Amino acid sequence: MSRIGRMPIAIPAGVTVEIAENNKVTVKGPKGTLERVLPVEMQIKKEGEEVIVTRPNDLKRMKSLHGLTRTLINNMVIGVTQGYQKVLEINGVGYRVQKQGNKLVFALGYSHPVEVEDPAGITTEVEGQNKITIKGIDKEKVGQFAAEIRELRRPEPYKGKGIKYADEVIRRKVGKTGKK
């Protein structure tokens with residue numbers, strides 16, 4: 001059996017989980033509400049203060065969906081209680097970011113400033129001129145928005161200039177050496 005799929009999901013105090021037909025799961029908590037339609041093949045049951053996911057048979061597809069379904073529900077529960085955040089850093093001479101209303105305005109060495117608007121349900125904070133914190137309750141949206149910002153100017157391997165995750169390590173390359 002799936003080791004992750006077998007584990008029950010504990011529902012903390014102040015969180016309600018509702019399972020409608022066609023496996024539409026709604027999780028309400030102190031930070032907000034998340035909804036998601038999960039694979040119909042999985043059986044999702046609420047037993048007391050925990051949610052249990054079971055699979056109908058041992059086909060390869062069912063095994064892979066089992067762990068996925070459990071993890072998606074768990075991420076929803078964590079999102080409405082604690083929320084998720086990603087921290088991005090900008091490295092490079094003249095590279096900086098400013099917050100203007102609900103927009104981030106980047107100076108990334110292009111001939112023009114790059115503006116990115118915050119998506120619904122996501123907040124951004126700028127610390128100094130080179131640190132961005134992205135917060136939200138949906139893990140997928142937070143990760144996707146962080147990836148889109150990083151893609152504006154990916155870190156390059158020679159000087160490490162660009163936008164990177166705070167915990168990311170850039171593999172550096174040795175530059176060209178002159179003739180002797």
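The structure presented is a predicted model; accordingly, all values stated were derived computationally and were not measured. (Residues numbered from 1 in each chain as written. Predicted model: local features only at pLDDT ≥ 70, side-chain atom pairs only at ≥ 80, totals over all residues. Heavy atoms only, no water.)

A. Local environment of the side chain of Thr26. Among the secondary structure elements, Thr26 is positioned in strand S3 (residues 24-29). Exposure remark for Thr26: the relative accessible area of 11% places this residue in the buried category. In this structure Thr26 touches Thr16, Val17, Glu18, Thr33, Leu34 and Glu35, once residues within four positions along its chain are discounted. (Helix = DSSP H or I, 4+ residues; strand = E, 2+ residues; numbered from the N terminus. Buried < 20%, exposed > 50% of the residue type's maximum accessible area, 1.4 Å probe, protein only. Contact = heavy atoms within 4.5 Å.)

B. A look at the environment of Val93. Among the structural elements, Val93 can be located in the loop between strand S7 (84-91) and strand S8 (96-100). Of the residues examined, Val93 reaches a relative accessible area of 78% and is grouped as exposed. Spatially, the C-alpha atom of Val93 lies 9.1 Å from that of Leu108, the residues being 15 residues apart in sequence.

C. Focus on the sheet that holds S3. With antiparallel pairing, three strands are arranged side by side in an open sheet as S2-S3-S4. Since the sheet does not close on itself, it has two edges, and those belong to strand S2 (16-20) and strand S4 (32-37), each with one partner. This sheet shows a mean twist of 15 degrees between the axes of neighbouring strands, independent of strand direction. Inspection of the sheet shows S2 paired to S3 by five bridges, in the antiparallel sense. Across the sheet, the residue bridging to Ala20 is Lys24, located in S3. (Pairing = 2+ DSSP bridges. Axes fitted to C-alpha atoms, helices over the stretch in contact; angles between N-to-C directions.)

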